[in-house]
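Fold and geometry: a report
One letter stands for each residue in the lines below.
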Amino acid sequence: MDLTNQQQQNKQVLSQLESDGFSLVHRLCEPALTEHLLKVSREIEADIKKSLGTKKIGIGSRAGYREIVQRSPGRWDIPITSDQFAIDHQQMPWWTFITDILGQDAEHAFSGVVSSEPVSPEQHWHIDSPHEATEHLPAHAINVLIALTDLPLVMGPTELARGSHVLSNHLANPTLVSDQLVYQHAGTSPVLLVNGACEAEPEYCSSAMSAGSGLIFDDRILHRGMANLSANTRHVAYFSYRRKGYLPYTHFESPRSIFDS
Ligand SMILES: O=C(O)CCC(=O)C(=O)O
């Protein structure tokens, strides 16, 4: 039986996710959906930043609040619930990728917007959660990152190290330290993953994205947000999903709220 174009494209995305750890899908979202996500993101971000006011906030999930984390200088992560976004995940154009990878009972873990201000620097390389076993298992969590506006290279899209979702296994490679992979650490880089081995350093991949494009990636891949060298804030919405039974614990770790008295 011949596969339709759509089926062929889906197959290619799944195969790239398995081999490279990521796939960039052009025009994943219709313009109306992209505009809606941008509008909600901007409104919620403005409210949260107003409530944050002059409260002290450091870098990283432990130094942030439940409602806002500064992932690196000038790069703000604001969680936004499905209700706030007013979306049904099963109706989203990426849902079939999620269930193909994580199973029909895949669960939404969290979502939000990452906004990097003009002149915010590039991040340190990091993964979003560590491997769970010595052998390479299928992904336990997948992220979908949607460009909410056109995102030329000068605005600093996400850069990924091709195939590093396999090489980042600290249980298989005793030279790797889990916390230094997950929590941004200046010494972490793609070459670290192959130190002492005869393998080539993973290729660095970053690409301009048009509004509505989606970057789908394995939570275990080494990646970083690039510097925003433009005059405008860069907004990307993210949607994270987990295999049923997997409990993410490294993403939002601060118990405090900006609304605490
Ligand atoms: O800003 C980006 O492109 C990626 C952000 C990220 O990976 C993070 O903050 O953990």
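Before reading further, recall that the structure is shown in the block above.
Okay, so let's go over this structure. For clarity, every value in this text was computed on a predicted model and none was experimentally measured.

1. Describing the environment of Met209
Relative to the elements of secondary structure, Met209 occurs in the loop between β7 (204-205) and β8 (214-218). Given 26 C-beta atoms within a 10 Å radius, Met209 is considered buried.

2. Structural notes on helix α2 (residues 31-52)
Residue pairs three or four apart in sequence face the same way in an α-helix, which turns once every 3.6 residues. With 22 residues, α2 should cover 32 Å at 1.5 Å per step; its first-to-last C-alpha distance of 31 Å lies within 8% of that length. Residues of α2 that are buried: Thr34, Leu37 and Ser41. Projected down its long axis, α2 carries its buried residues within an arc of 60°, all on one side. Opposite its buried face, α2 presents the exposed residues Ala32, Lys39, Glu43, Ala46, Asp47 and Lys50, each directed more than 90 degrees away. Tucked into the core, α2 has its buried residues touching α3 (82-85), β4 (107-116), β5 (141-147) and β10 (234-242). Of the residues flanking the end of α2, it is Gly53, one or two places downstream, whose phi is positive at about 50°.

3. Some words on the sheet that holds β7
The strands that make up a sheet pair up through hydrogen bonds in the backbone, lying either parallel or antiparallel. With antiparallel pairing, the 3 strands of this open sheet are ordered in space as β7-β6-β9. On the outer flanks of this sheet lie β7 and β9 (223-225), each paired with one strand and no other. Examined bridge by bridge, strand β6 (residues 158-161) and β7 share 2 bridges and lie antiparallel to one another. Looking at β7, one finds that Leu160 is bridged to Cys205.

4. Quick notes on the pairing of β6
Where β6 lies against β9, 3 bridges are found, and the strand directions are antiparallel. Within the sheet, the bridge partner assigned to Leu160 lies in β9 and is His223.

5. Section: the environment of Glu159
Tracing the backbone shows Glu159 in strand β6. For the pair Glu159 and Asp128, spaced 31 residues apart in the sequence, the C-alpha separation amounts to 14 Å. For Glu159, the contacting residues outside a window of four places in its chain are Tyr204, Cys205, Ser206, His223, Arg224 and Met226.

6. A closer look at the site of the ligand
As a matter of local geometry, the ligand sits amid Arg71, Arg75, Asp77, Val114, Ser116, Thr158, His223 and Gly225. Listing elements by their share of the shell around the ligand, those giving two or more residues are β3 (75-79), β4 and β9. Each residue belonging to the shell around the ligand can be placed in one class, and the counts come to 1 nonpolar, 4 polar and 3 charged.

7. Notes on the sheet that holds β10
The 7 strands are arranged β1-β8-β5-β10-β4-β3-β2 in an open sheet whose pairing can be described as antiparallel. Each of the sheet's edge strands pairs with one partner strand only, and the pair in question is β1 (22-25) and β2 (69-72). Strand-to-strand twist across the sheet, computed as the mean angle between neighbouring axes with direction ignored, equals 25°. Across 4 bridges, β1 lies against β8 in antiparallel orientation. In the strand pairing of β8, Leu24 is matched with Leu215.

What counts and what doesn't
- Residues numbered from 1 in each chain as written.
- Predicted model: local features only at pLDDT ≥ 70, side-chain atom pairs only at ≥ 80, totals over all residues.
- Helix = DSSP H or I, 4+ residues; strand = E, 2+ residues; numbered from the N terminus.
- Buried ≥ 20, exposed ≤ 12 C-beta atoms within 10 Å, placed from the backbone.
- Expected span 1.5 Å × (residues − 1).
- Arc of directions from axis to C-beta.
- Contact = placed C-beta atoms within 7 Å.
- Pairing = 2+ DSSP bridges.
- Near = placed C-beta within 6 Å.
- Nonpolar A, V, L, I, M, F, W, Y, C, P; charged D, E, K, R; others polar.
- Axes fitted to C-alpha atoms, helices over the stretch in contact; angles between N-to-C directions.

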